[in-house]
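# Report on the structure
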Amino acid sequence: MKVVVQRVSTAKCIVDNKITGSINKGFMLLVGFTDGDNEEKMQKMAKKIAGLRIFEDENDKMNLNLSQVNGEILSISQFTLYGNPYEGNRPSFVDAMNPKDASILYLRFNQILRDDYHFKVEEGIFGAHMDLDIICDGPTTIMLEY
């Protein structure tokens, strides 16, 4: 499982000219799955994201987590995180989990963030062409993998 965490001031996902998810201050997550990903890995990833201290405190030190700043999450499915660009010029996506299983894990992962950590989690639409309108804060981007 791979997740790219971007700290954002605002973010929204647009599909077919309709906003499917929109947040203010928080994290935009790009979420990808591979074979072998499971509940245990999703729980571990959710815990890491919840505890990630990448918001500045009163001394401008990255000391605060998402809950401490009343942050929100926009979660976007992103199978291309498992693209292998090193063999030729067109990436291979054989390491990405099949869409049927990945969509189930994606929805479950978002539910873990809601239920266990009480975050507001907005979503894109799995498998759709999505336009993302984001204002990166920092920019601060963290790559996580379990």
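Residues numbered from 1 in each chain as written. Predicted model: local features only at pLDDT ≥ 70, side-chain atom pairs only at ≥ 80, totals over all residues. Heavy atoms only, no water.

## Some details on the overall build of the protein
Counting secondary structure elements, the protein contains 2 helices and 8 strands. Put simply, the protein runs from its N terminus to its C terminus through helices and strands in the order β-β-β-α-β-β-β-α-β-β. In terms of overall dimensions, the protein is globule-like: its C-alpha atoms have a radius of gyration of 15 Å, near the 15 Å expected for 146 residues. Projected onto its principal axes, the C-alpha positions of the protein cover 45 × 35 × 30 Å. Split into buried and exposed, the 146 residues of the protein put 41% on the buried side. Residue pairs in contact within the protein that sit at least 24 positions apart in sequence constitute 73% of those at least 6 positions apart. With an accessible surface of roughly 8200 Å², the protein has 47% of that area assigned to carbon and sulfur atoms. Side-chain charges of the protein comprise 16 positive and 21 negative groups, with the mean position of each set lying 2 Å from the other. (Helix = DSSP H or I, 4+ residues; strand = E, 2+ residues; numbered from the N terminus. Rg over C-alpha atoms; globule rule 2.2 N^0.38 Å. Buried < 20%, exposed > 50% of the residue type's maximum accessible area, 1.4 Å probe, protein only. Contact = heavy atoms within 4.5 Å. Areas by Shrake-Rupley, 256 points an atom, 1.4 Å probe, with all protein chains shown as cover. Lys, Arg positive; Asp, Glu negative; His and termini not counted. Charge placed at Lys NZ, Arg CZ, Asp CG, Glu CD.)

## Thoughts on the nonpolar core
In this structure, Val 5, Phe 27, Leu 29, Phe 33, Ile 49 and Phe 109 are the most contacted members of the largest nonpolar core, which totals 28 residues. For this core, the secondary structure elements donating two or more residues are strand 1 (2–15), strand 3 (26–32), helix 1 (39–51) and helix 2 (99–117). Counting residues per element, this core draws most heavily on helix 2, at 6 residues. Excluding anything up to four places from it in sequence, Ile 49 contacts Val 3, Val 5, Phe 27, Leu 29, Phe 109 and Leu 144. (Core = buried A, V, L, I, M, F, W, Y, C linked by side-chain atoms within 4.5 Å.)

## Notes on the pattern of salt bridges
The full count for this structure, using the stated rule, is 7 salt bridges. Of the charged contacts in the structure, one is a salt bridge between Asp 133 and Lys 12, with a shortest N-O distance of 3.9 Å. Linking Asp 133 in strand 8 (residues 131–145) with Lys 12 in strand 1, this pair joins segments that are 121 residues apart in sequence. The partly exposed category is assigned to Lys 12, whose relative accessible area is 26%. (Salt bridge = Lys/Arg side-chain N within 4 Å of Asp/Glu carboxyl O.)

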